[in-house]
Amino acid sequence: MSLFLVLTFLFFAGSLIGWGIEVLWRRFTGKEKRWINPGFLAGPYLPIYGLSLCVLFLLSFINVAAIKGAIAQKIVLFVLMALSITVMEYIGGLIFIKGMRIKLWDYSEKWGNIKGLVCPEYTFYWYILSAVYYFLIHPKILEWLYWFTNHLAFCFVIGYFYGVFTLDLCYTFNISAKIREVAKENKIAVHYEALKDAIRVRNEKLWEKRHFFFVFKTHRESLRDSLRAIFSKKE
């Protein structure tokens, strides 16, 4: 089976499943306990989970035979998986802060956090997800892929996903450029989730329709004006 095909499928599946996990997590364990569209993009997918699933697949082939005991081997493998995803999470978060002045997530209130981008608690969650992947998902991947390649309709679904995903990237980076512009004026790094909440509140005050996916969509004023109004209140 082509490695490209495997990674393409895993990114697709991981992005969608991860989005579903985040939506449920925020609804039932978050501070506000309501339905929120999480993440950087507008659509129902989180690339960090898709990339993580690809990383887990590649790391699952690491040879840990030098370690004695099957249980110890699995523990070491899951630790490597969790640490690899944590490093990827840290680098991704740092790129957005330095390059776009946007903080996609914030673990500043968590114990042992590093710049609010990673923390032991979420590394532990990655460890659990790594174990779930290894025992429940990895053994089934080739079986799912053979089914996938034998059903052209599903191939169309994945192709459609990547088409929408590409358009979403263009749309979101256009919005991010506007956020970066206003953030640069105020010499701050914007907390992305907090900003989305502030946009929702402002739209409600302006009697605008609430959008689950297109959170930054405004009608009565430009996005730049909304951003400047929000940041001026914080000063």
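Our structure is the block above this text.
What comes next concerns the included structure. (Residues numbered from 1 in each chain as written. Predicted model: local features only at pLDDT ≥ 70, side-chain atom pairs only at ≥ 80, totals over all residues. Heavy atoms only, no water.)

## Topic: the layout of surface pockets
- Considered as a void within the structure, the largest pocket measures approximately 1600 Å³ in volume.
- For the largest pocket, the lining is made up of 44 residues, of which Glu 22, Arg 26, Leu 104, Trp 105 and Tyr 107 are closest to its centre.
- Listed by contribution, the elements that provide at least two residues to the lining of the largest pocket are α1 (3–29), α2 (47–59), α3 (70–100), α4 (120–137), α6 (152–186) and α7 (192–205).
- For the lining of the largest pocket, the leading source of residues is α3, giving seven residues.
- Looking at the lining of the largest pocket, its residues break down into 25 nonpolar, seven polar and twelve charged.
- Estimated volume of the second largest pocket: approximately 210 Å³.
- Every residue lining the second largest pocket is counted, 13 residues in all, and those nearest its centre are Ile 21, Tyr 49, Leu 53, Leu 129 and Ile 137.
- Put simply, the parts of the chain that give the lining of the second largest pocket at least two residues each are α1, α2 and α4. (1 Å grid on protein atoms, 1.4 Å probe; cavity = no way out; pocket = protein on both sides within 12 Å on 5 of 7 lines; lining within 4 Å. Points joined across faces, edges and corners; volume = space filled by probe spheres on them. Helix = DSSP H or I, 4+ residues; strand = E, 2+ residues; numbered from the N terminus. Nonpolar A, V, L, I, M, F, W, Y, C, P; charged D, E, K, R; others polar.)

## A few points about the state of the cysteines
- Overall, the coordinates contain zero disulfides when judged by the stated rule.
- Note on Cys 54: no disulfide assigned, nearest cysteine sulfur contributed by Cys 155 at a separation of 17 Å. (Disulfide = S-S within 2.5 Å.)

## Points about the packing of α2 against α4
- At a closest axis distance of 11 Å, the pairing of α2 and α4 adopts a crossing angle of 60 degrees. When the axes of α2 and α4 are compared, the pair comes out oblique. The handedness of the crossing between α2 and α4 is right-handed. Between α2, through Tyr 49, Ser 52, Leu 53, Leu 56 and Phe 57, and α4, the contact on the second element is made entirely by Trp 126, Leu 129, Ser 130 and Tyr 133.
- A breakdown of the residues in the contact of α2 with α4 according to their chemical character gives seven nonpolar, two polar and no charged. (Axes fitted to C-alpha atoms, helices over the stretch in contact; angles between N-to-C directions. Parallel < 35°, antiparallel > 145°, perpendicular 65-115°, else oblique. Left-handed = near helix turned anticlockwise from the far one by under 90°. Contact = heavy atoms within 4.5 Å.)

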